[in-house]
Amino acid sequence: MVSSSSSPYPAPIGGASLLLTFKGPRNTILIIGGDVLAASRAFAALEAGMQVIILSRGLVCDELKWRADQRQVNLTDWGMLPSASTSPLVTAPDTKTDAESLSAFLSENPSISLICITIHTVDTPALARICHAHNIPVNVADFPALCDFSFAATHRFIDPYTGGQSALQVGVTTNGEGCRLAGRVKRDIVSVLPKDIAGAVRQVGKLRRLAKNTYDGVGECEEGEDSSVTTPNRPVPSWKNSAVESKDESSRRRMRWVAQVSEYWPITRLASMSEEDMKLILSGDSSETISPHSIQAPIETSSLHHLRLFPPPKKGRILLVGSGPGHPSLLTIATHNALTKHADLVLSDKLVPAAVLALIPETVEVRIARKFPGNAEGAQSEMMDVAVEAARRGLTVVRLKQGDPVVYGRAGEEVLFFRAHGFEPLVIPGVSSALAAPIFAGIPVTQRGVAESVIVCTGVGRQGKEVKLPGYERSRTVLILMGVARIAQVVGAMIRNDSGSGEGLQSGEGRREGRPFPRNTPIAIIERGSMPDQRVVASTLGDICEALDSAGEQRPPGMMVVGWAVLALQGTGDTSVLDEGEERDEERIKKWLGGGRWVMREGIDQGWAEV
């Protein structure tokens, strides 16, 4: 917002979006396409209470078919439109005919207020122009120039009291500057908000309805409809029994009390309000009702002295340090000391989370490795050269790695490199994510009666080469690091060929050493293990690829846990896998997944916030 002395009002600066919310059955959305993205758009619209029409030709994903069978969406085949072309839209569309058909369809359905196009064909721009001609806002996937609106990265909070979806949503947009970054910002926002924020919204909603009293729409704004002031610090008139107060005056006064407690009460206090508390608040007689005149901003004090003591010159050294899986509480004392007390320069891998990097004093220089696909070798060499150069200048260099430095952390080649250049590095172990992340997901990598051994392997070899994966052993847990991005190839190498007998190596023979895995073998994908935005997607090898697609964008780093240990401690537990054999496998899978094909869990145990 910019203003100048010549103008009393701010000058508008372009580049922003007008953020609105749509809800209610009066709005109908038309989704042109039948893919997974179309299903995602449909689900978001259904949660907003909108009517959904799916317009597609032939290819429709399973979710949309199911929702159509449940009468949640109206599934319309393009071939049924007036003047529709007979050729498949995805291969050889008749652009003119399809555009005319869409125009006629929109004319016959004036209730359509929004349109999403999720398909990519040569006639997509023509379809968008028809939407514009009918003055209907349109979103075209991956064609920002054709879009009138875009979808923010959103999150809907779970109410911890009811266990269901709450009314609270947050959305983040970068206005096309960084879609994946918007998702990350959203997760960061969600992870730092109080856990009972959704409960607070629920209770404040009850308080608002109680304040209005008659549900007649009076006081829809937080401070009453007569107020355009955005601050809640306007004095709230008290009410005396002797005063004559109209219905509207009472509602406005009570709504201002709602604004007061919404602004100043702690979130936990709002979430725990009882109905008696609410009545006391709205009466204006509560001793807990906070007057804006009693609020004082804390007085910030800072030292006037900025003396710094510099130690004598130190002999340069290099520390190879493991940062653990990500949660700062899992740092070893040695790692914490290296970062906070000894480091002059920190050379960090890109997967080390911000929560760990935040512990490093501001006076310490931090560099993040520029390891991206196609540049891993160059970035690795660059970091090793920088470490040697800094150590020669007498600095203590901390080479910070995710998890444990020697578990697929390339520490071995760095040890040899530094040694060859005159520095014997100190290797400080870290808690390996291979073992810690499954614990955060409630999965024991070994469990009596389920898993007697565990093997750790990688899903991708040096310079992207394929690696040979282990074969199936019922009593073994397989931990696969760095393979989620190639999950289709990894799973394909592990499972048996449906057309074969299931004996010996089949479709994955070139990448598997041993027996093929049954398709119903449990697998869990753990993303950002131990972090507040941790996500676990669990299913069977046969369904995990579809499950991960349904979860949306991936959250690196991720790992896979394959084997019967995945379900051992879920729910009431199942520790008889080895005793009972394969006869009950389908039954135990059904019990574990609750009759569905996969389960998904977000976040970590709240107890970690107190450790």
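Because the structure is a prediction, the values reported are computed rather than measured.

Focus: the overall build of the protein chain
Looking only at helices and strands, the protein chain features 18 helices and 22 strands. Sequence-distant contacts in the protein chain: of pairs separated by 6 or more residues, those separated by 24 or more amount to 62%. A total of about 33,000 Å² of accessible surface is found on the protein chain, and carbon and sulfur atoms cover 54% of it.

What about the side chain of Glu527?
The residue Glu527 is located in strand S19 (residues 522–527) in this model. For Glu527, a relative accessible area of 1% corresponds to the buried category. At 2.9 Å, the side chain of Glu527 forms a polar contact with the backbone nitrogen of Arg555. The contact partners of Glu527, leaving out residues within four places of it in the chain, are Gln534, Arg535, Leu548, Gln554, Arg555, Pro557 and Gly558.

Points about the confidence of the model for the protein chain
Confidence in the prediction for the protein chain averages 84 pLDDT; 83% of positions are at 70 or higher. Note on residues 84–93: pLDDT under 50 across the span, and 26 contacts to partners over four residues away in sequence or across chains. Segment residues 286–312: pLDDT under 50, and 19 contacts once partners within four positions in sequence are set aside and those in other chains are kept.

What to know about the pattern of salt bridges
Scanning all chains against the criterion turns up 28 salt bridges. Put simply, Arg187 and Glu553 hold a salt bridge, and the shortest N to O gap is 3.5 Å. Of this pair, Arg187 sits in helix H5 (residues 179–192) while Glu553 sits in the loop between helix H16 (544–550) and strand S21 (558–562), and the two are 366 residues apart along the sequence. For Glu553, a relative accessible area of 30% gives the class partly exposed. Among the charged side chains, a network of salt bridges with common partners joins Arg474, Asp574, Glu580, Arg584, Asp585, Glu587 and Arg588.

Brief notes about the sheet that holds strand S11 (residues 345–348)
If you walk across this open sheet you meet the five strands as S12-S11-S13-S10-S14, and the pairing is parallel. Every other strand in the sheet has two partners, leaving strand S12 (365–368) and strand S14 (426–428) as the edge strands with one partner each. On average, adjacent strands in this sheet sit at an angle of 20 degrees to one another, irrespective of strand direction. Alignment of S11 against S12, held across four bridges, turns out to be parallel. Within S12, the residue paired with Leu347 across the bridge is Arg367. Where helix H10 (residues 333–342) meets the sheet, it contacts strand S10 (317–322), S11, strand S13 (396–401) and S14, and its direction lies at approximately 135 degrees from that of S10. Seen against the sheet, helix H12 (residues 376–392) touches S10, S11, S12 and S13 and runs at an angle of roughly 170 degrees to S11.

Details of the environment of Gln51
Residue position: Gln51 is located in strand S4 (residues 51–56). Separated by 23 residues in sequence, Gln51 and Thr28 have C-alpha atoms that sit 4.5 Å apart. Among residues more than four places away in sequence, those in contact with Gln51 are Pro25, Asn27, Thr28 and Ile29.

Some details on the pairing of S13
Side-chain positions along a regular strand alternate between the two faces of the sheet. Burial of S13 is extensive: six of the six residues sit out of reach of the surface. Side chains Thr396, Val398 and Leu400 of S13 all project onto a buried face; the interleaved residues Val397, Arg399 and Lys401 project onto the opposite face, where all are buried too. Here S10 pairs with S13 via six bridges, running parallel. Paired with Leu319 across the bridge in S13 is Val398. Across four bridges, S11 lies against S13 in parallel orientation.

Some words on helix H1 (residues 36–47)
The α-helix advances 3.6 residues per turn, and as a result positions three or four apart in sequence lie on the same side. With twelve residues, H1 should cover 16 Å at 1.5 Å per step; its first-to-last C-alpha distance of 17 Å lies within 8% of that length. Burial in H1 covers these residues: Ala38, Ala39, Arg41, Ala42 and Ala45. Looking down the long axis of H1, one finds its buried residues gathered within 160 degrees of arc, a one-sided arrangement. Packing partners of the buried residues in H1 comprise strand S3 (28–32), S4, helix H2 (62–69) and strand S7 (138–140). Immediately downstream of H1, the backbone of Gly49 shows phi near 80 degrees, a positive value.

Comments concerning the sheet that holds strand S15 (residues 453–458)
As summarised here, the arrangement of the six strands in space is S15-S17-S21-S19-S20-S22, forming an open sheet in which the pairing is mixed. Edge positions in the open sheet fall to S15 and strand S22 (599–602), since each of these has one partner strand only. Adjacent strand axes in the sheet meet at a mean angle of 15 degrees when their direction is disregarded. Relative to strand S17 (residues 476–481), S15 runs parallel, the two sharing six bridges. Counterpart to Ser453 in the pairing with S17 is Arg476. Its contacts with the sheet put helix H14 (residues 433–440) on S15, S17, S19 and S21, and the angle it makes with S21 is roughly 75 degrees.

Remarks on the packing of H1 against H2
Packing of H1 against H2 brings their axes to within 8 Å, and their N-to-C directions diverge by 40 degrees. In this view, H1 runs oblique relative to H2, as classed from their interaxial angle. Note on packing geometry: the crossing formed by H1 with H2 is left-handed. Residue-level inspection shows Ala38, Ala39, Ala42, Phe43 and Leu46 of H1 in contact with H2, the latter providing Glu63, Leu64 and Arg67. A per-class count over the contact of H1 with H2 returns six nonpolar, no polar and two charged.

A word on the environment of Leu127
Structurally, the position occupied by Leu127 is in helix H4 (residues 124–133). In this structure Leu127 touches Trp78, Asp98, Ala99, Leu102 and Ile117, once residues within four positions along its chain are discounted.

Details of the packing of aromatic side chains
Overall, the coordinates contain four aromatic pairs when judged by the stated rule. Pairing Phe417 with Phe418 gives two aromatic rings, centres 5.9 Å apart and planes at 75 degrees, and the pair type is edge-to-face. Each member of the pair, Phe417 as well as Phe418, is classed as buried. Ring centres of Phe440 and Trp608 lie 4.6 Å apart, and the angle between their planes is 25 degrees; on these two criteria the pair is classed as stacked. Pair noted here: Phe440 is in helix H14 and Trp608 is in the segment after S22, with a separation of 168 residues, a long-range link. On the basis of relative accessibility, which here comes to 25%, the residue Trp608 falls in the partly exposed class.

Notes on the packing of helix H7 (residues 247–264) against helix H9 (residues 275–283)
Where H7 contacts H9, the axes come no closer than 8 Å and their chain directions differ by 115 degrees. The angle between H7 and H9 falls in the class roughly perpendicular. Every pair of crossing elements has a handedness; the one defined by H7 and H9 is right-handed. Across from Arg253, Arg254, Trp257, Val258 and Val261 in H7, the residues of H9 making contact are Ile281, Leu282 and Ser283. Residues belonging to the contact of H7 with H9 are distributed by class as follows: five nonpolar, one polar and two charged.

Definitions and cut-offs
- Residues numbered from 1 in each chain as written.
- Predicted model: local features only at pLDDT ≥ 70, side-chain atom pairs only at ≥ 80, totals over all residues.
- Heavy atoms only, no water.
- Helix = DSSP H or I, 4+ residues; strand = E, 2+ residues; numbered from the N terminus.
- Contact = heavy atoms within 4.5 Å.
- Areas by Shrake-Rupley, 256 points an atom, 1.4 Å probe, with all protein chains shown as cover.
- Buried < 20%, exposed > 50% of the residue type's maximum accessible area, 1.4 Å probe, protein only.
- Polar contact = N/O pair within 3.5 Å; in protein donor to acceptor, adjacent residues only side chain to side chain.
- pLDDT = per-residue confidence, 0-100.
- Salt bridge = Lys/Arg side-chain N within 4 Å of Asp/Glu carboxyl O.
- Pairing = 2+ DSSP bridges.
- Axes fitted to C-alpha atoms, helices over the stretch in contact; angles between N-to-C directions.
- Expected span 1.5 Å × (residues − 1).
- Arc of directions from axis to C-beta.
- Parallel < 35°, antiparallel > 145°, perpendicular 65-115°, else oblique.
- Left-handed = near helix turned anticlockwise from the far one by under 90°.
- Nonpolar A, V, L, I, M, F, W, Y, C, P; charged D, E, K, R; others polar.
- Phe/Tyr/Trp six-rings, centres within 6.5 Å; stacked < 30°, edge-to-face > 60°.

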